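# Per-entry structural report
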Amino acid sequence: ITMAPSMTNTVRVVLPPGADAVTMQLKLQGFGEILSVSPEGGEVEAVFFDVRAASLAAAELGCAQGPQRGARSVTLAGDALFDAEDVEAISGASAGEDGAHTLEFFDIRVAA
């Protein structure tokens, strides 16, 4: 598993004429669960819980991804045990010099 630093859980969407933040939030919810939506000028910044939802929204809507919001990574001792189903939630991993492992998850709720 390798880290995918370009994936974030945030998208920045330009509001179409006549649309507001509430309308855009309803549209974005179709891609996944949203942590927050913030209007910023003529744009909306939407923060998803899961980077996969944000990536799908960015691809489908042709919008830019913004900065990561919330922690997606945890560092564990090298001998730490975790369940097999946890592996599916991991988007990347790296080993430290001290034997510890940093795991990056798709969803910020899993890393919490």
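Here, the structure is the one placed above.
The text that follows walks through the structure, step by step, so that each part is easy to find. (Residues numbered from 1 in each chain as written. Predicted model: local features only at pLDDT ≥ 70, side-chain atom pairs only at ≥ 80, totals over all residues. Heavy atoms only, no water.)

For helix α1 (residues 21-28), the full list of buried residues reads Ala21, Met24 and Leu28. All buried residues of α1 lie within an arc of 65° about the axis, which places them on one face of the element. Among the exposed residues of α1, those pointing more than 90 degrees away from its buried face are Val22 and Leu26. Buried residues belonging to α1 abut β1 (10-14), β2 (34-40), β3 (43-48) and α2 (51-61). (Buried < 20%, exposed > 50% of the residue type's maximum accessible area, 1.4 Å probe, protein only. Helix = DSSP H or I, 4+ residues; strand = E, 2+ residues; numbered from the N terminus. Arc of directions from axis to C-beta. Contact = heavy atoms within 4.5 Å.)

Below, the discussion takes up the packing of aromatic side chains. Applying the stated rule across the entire model yields 0 aromatic pairs. A cation sits over an aromatic face here: Arg109 above Phe49, 4.1 Å from the ring centre. (Phe/Tyr/Trp six-rings, centres within 6.5 Å; stacked < 30°, edge-to-face > 60°. Lys NZ or Arg CZ within 6 Å of the ring centre and 35° of its normal.)

This brings us to the environment of Gln65. Considering the arrangement of structural elements, one finds Gln65 in strand β4 (residues 64-65). For Gln65 and Thr10, which are 55 residues apart along the polypeptide, the C-alpha to C-alpha distance reads 5.5 Å. Of note is the side chain of Gln65, whose polar atom sits 2.7 Å from the backbone oxygen of Thr8. (Polar contact = N/O pair within 3.5 Å; in protein donor to acceptor, adjacent residues only side chain to side chain.)

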